[in-house]
Every structure is written in C-alpha cells, then in structure tokens.
Amino acid sequence: MLLRVEALSKVFKRYIPSSVEISGCIDVSFDVEEGEFLGILGPSGSGKSTILKCIYRTYLPTSGNILYNSKLYGIVNIAKAPEQVILRLRLSEISYVSQFLKVIPRVSTLNLVANALLSRRKVPEVEAIKKAKDILERLGVPSKLFDAFPSTFSGGEQQKVNIAMAVVWKPRLLLLDEPTASLDMHSANQVLDLLKELKQQGTTMIGVFHDIELMKLIADRTYKVNGGYRDGFHN
Ligand code: ADP
Ligand code: MG
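Residues numbered from 1 in each chain as written. Chains lettered and ligands numbered in written order. Predicted model: local features only at pLDDT ≥ 70, side-chain atom pairs only at ≥ 80, totals over all residues. Heavy atoms only, no water.

Another point: the sheet that holds strand β2 (residues 20–32). Taken in spatial order, the 4 strands line up as β2-β1-β4-β5 in an open sheet, and their pairing is antiparallel. Both edges of this open sheet fall to β2 and β5 (74–77), since each of them pairs with a single strand only. For this sheet the average axis-to-axis angle between neighbouring strands, irrespective of direction, equals 25°. In this structure, strand β1 (residues 3–14) lies alongside β2, joined through 9 bridges in antiparallel fashion. Following the sheet pairing, L3 is matched in β2 by V32. Set on the sheet, helix α1 (residues 48–56) makes contact with β1, β2 and β4 (63–70); between it and β1 the angle comes to about 110°. (Pairing = 2+ DSSP bridges. Helix = DSSP H or I, 4+ residues; strand = E, 2+ residues; numbered from the N terminus. Axes fitted to C-alpha atoms, helices over the stretch in contact; angles between N-to-C directions. Contact = heavy atoms within 4.5 Å.)

This is the structure:
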C-alpha cells in the first residue's frame, strides 16, 4: 500500500455575504498500491479536484486521514503532517499537475521545466536542459516556443508545460487533475504514452480524467465520486 485515504472530508466555510458550509468532498476512502494507476471519475462539482488537492495538501482536510508510505519518513499522515514535511515530500516524492498553469512570470519554458528537475534532483545543468527538451519534444511543444514565456501560450500548450514540469523529475506519486482536458486527441495520446512510460518506471498515479475512454486506456482501477454520497469502486 502506497497511499490510504480514510474517511476524507473537506468542508469549506464561507462567512460573506452569508454563513454557509460547502462540501468539497465527503467520506472518501480508497487505497492505492505502489505502481498502480487509480482513475477518479464523477460529475463536475463532485469533489474530484478537492480530493487531489487534499492529497497534495493544497487544502487541509477537515477530517479523515491520508496515509502515505514515504521513502523519506515512512508512513506520514498528510492530513496532519507539519508544513515542512509536506514541502520536503513535494520536493522529492509527490508531484501534481493542476488544471491550470501557475508559473513564475518571465522564465522561459525550457528553464521552467529544467528548474523543476534541478531543484529536486542532483543532476548537471546540461543534463537537466537536455531532459527538459526531450520531454517538451515528446509532448509536441514546438522548439521555437522553448525560449518563450508560457503566459502567452494556448491552453493546450500551457497544459503540456504543466505536465512536463510535473513529470521531468520522475516523482514517486503523481496526481493528475484532468491532464488531457484542453488537448486534442493527438496531444492527449502523446500525454498518455508519456504517462505509461513513467508508470512502467514505477511512478504511482491518481488521475482525474475528463474523457472516460481516455482514462480507460491507462487506469488500472476507477474510484467513482457521486457528490460524496454514493462513493464506491468500479472495475
Ligand atoms: P470537481 O473537481 O469534481 O469538479 P471540485 O473538487 O472542484 O469538484 O469542487 C467540489 C465542490 O467544492 C464544489 O461545490 C466547489 O464549488 C467547492 N469548492 C472547491 N474548492 C473550493 C474552495 N477553495 N472554496 C470554496 N468551495 C470550494
Ligand atoms: Mg475539478
């Protein structure tokens, strides 16, 4: 077992203009084995992104446990671990591909991807640049864009930069939030090929997919979220 999510709930409290509670996700439980790809499926607003953000600890869960069997510390409860532990895990083991690109402005695409590797693994700069180029090429990002700033890129190109940054350092656990949502069929397949290769090299993945058919091509198992009330596994 690499990850065990136990009775995870996230409630957002809003005070303005009136006091309300919004359920992000309710009572989510699943296990993920090492090397497995777990697909998460469910209607929009059912809490799929919230689950991934709790595992990455972008959100602090309201209740429940997220037990991660880390190389660095042994079993860590991500739902309760100190910030420092989470930051170390994000630098060495856990990676996340968001639905949206958020990067430092005025850094070139190639440097963003190379830096994602350089800041995490001990590799010479030339090697990091080479790996960054390889991965961007495999994702079909035109080489004339390598020197450009991704803020001007199309949604699909930004998504590819996101994916390149998340996978270039070969994380142990990869969280993917609709990684192919803004891509055409050809690009989506390039992404899937890259993810399959990473999986063969041992990376465990949890992915929320927009397209069920695409998800079936890579997921070993599916966890279905139904607005939190009728969750369960489907094979
Ligand atoms: P999905 O990814 O399945 O479409 P989300 O996890 O994004 O769903 O959202 C689940 C619910 O939680 C939605 O009702 C959404 O409005 C709410 N939610 C998500 N993030 C926040 C937040 N930061 N603040 C308040 N509500 C949020
Ligand atoms: Mg979402």
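Counting buried residues in α1 gives 7 out of 9 residues, a clear majority hidden from the surface. Immediately downstream of α1, the backbone of R57 shows phi near 65°, a positive value. (Buried < 20%, exposed > 50% of the residue type's maximum accessible area, 1.4 Å probe, protein only.)

Next up on the list: the state of the cysteines. Going through the model one piece at a time under the given rule, you end up with 0 disulfides. Just so you know, C25 is unpaired, no disulfide at all, and the nearest cysteine sulfur is the one on C54, 4.9 Å from it. According to the relative accessible area criterion, C25 is buried, its value standing at 1%. The buried category is assigned to C54, whose relative accessible area is 0%. (Disulfide = S-S within 2.5 Å.)

For ligand 1, the set of nearby residues contains 13 residues, the closest of which are G45, G47, K48, S49 and T50. S49 is positioned with one of its side-chain polar atoms (N or O) 2.8 Å from an oxygen atom of ligand 1. Within the side chain of T50, an N or O atom sits 2.6 Å from an oxygen atom of ligand 1. For ligand 1, whose accessible area on its own is 560 Å², the fraction buried by protein is 64%. At the level of secondary structure, the elements contributing two or more residues to the shell around ligand 1 comprise β2 and α1. The residue makeup of the shell around ligand 1, split by class, is 4 nonpolar, 8 polar and 1 charged. (Near = heavy atom within 4 Å. Polar contact = N/O pair within 3.5 Å; in protein donor to acceptor, adjacent residues only side chain to side chain. Areas by Shrake-Rupley, 256 points an atom, 1.4 Å probe, with all protein chains shown as cover. Nonpolar A, V, L, I, M, F, W, Y, C, P; charged D, E, K, R; others polar.)

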